[in-house]
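Notes for the structure review
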Amino acid sequence: MNPRPPRSSERTTAEADAWADVLVRRQLLHAVVLTPTGQWLVQDRPDGPVGVLASPADVLALAATIQQGTRSTRTESR
């Protein structure tokens with residue numbers, strides 16, 4: 001597989017919001033909420049601790065980590 005070229009723009013709130021929605025709909029996270037200060041509150045299960053992410057880039061990094069984890073789990077189960 002060829003590596004992707006580096007991004008030419010900053011991560012946007014809309015992009016992070018879209019990934020947050022996917023992660024919650026797929027039940028990979030319990031909740032992801034954008035605060036008025038621009039921080040993101042993240043909870044992986046209803047009774048779990050709430051984490052704070054500082055920026056859209058942090059949300060996308062979390063999504064990438066979760067995606068890598070689900071891909072490696074699928075590969076191992078085959």
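Values in this document were obtained by computation on a predicted structure and should not be read as measured data. (Residues numbered from 1 in each chain as written. Predicted model: local features only at pLDDT ≥ 70, side-chain atom pairs only at ≥ 80, totals over all residues. Heavy atoms only, no water.)

1. Digging into the nonpolar core
Counting residues in each nonpolar core, the largest one holds 11 residues, listed as Ala16, Ala20, Leu23, Leu29, Val32, Trp40, Val42, Leu53, Val59, Ala63 and Ile66. Sorting the residues of this core by element identifies helix H1 (13–25), strand E2 (40–43) and helix H2 (56–77) as the ones contributing at least two each. What Ala16 contacts, discounting residues up to four positions off in sequence, is Trp40, Pro56, Val59 and Leu60. (Core = buried A, V, L, I, M, F, W, Y, C linked by side-chain atoms within 4.5 Å. Buried < 20%, exposed > 50% of the residue type's maximum accessible area, 1.4 Å probe, protein only. Helix = DSSP H or I, 4+ residues; strand = E, 2+ residues; numbered from the N terminus. Contact = heavy atoms within 4.5 Å.)

2. A few points about the sheet that holds E2
The antiparallel open sheet is built from 3 strands, whose spatial order is E1-E2-E3. On the outer flanks of this sheet lie strand E1 (31–34) and strand E3 (50–53), each paired with one strand and no other. Between one strand and the next, the sheet's axes are offset by a mean angle of 20 degrees, whatever the strand orientation. As paired elements, E1 and E2 share 4 bridges and run antiparallel to each other. By the bridge assignment for E2, Val32 is matched with Val42. (Pairing = 2+ DSSP bridges. Axes fitted to C-alpha atoms, helices over the stretch in contact; angles between N-to-C directions.)

3. Quick look at the side chain of Gln43
Mapped onto the elements of the fold, Gln43 is located in strand E2. A relative accessible area of 14% means that Gln43 is categorised as buried. Within the local environment of Gln43, its side chain forms a polar contact with the backbone oxygen of Arg45, the two atoms lying 3.4 Å apart. Of note is the side chain of Gln43, whose polar atom sits 3.0 Å from the backbone oxygen of Pro46. Among all residues touching Gln43, those that are not within four sequence positions of it are Leu29, His30, Ala31, Gly48, Pro49 and Val50. (Polar contact = N/O pair within 3.5 Å; in protein donor to acceptor, adjacent residues only side chain to side chain.)

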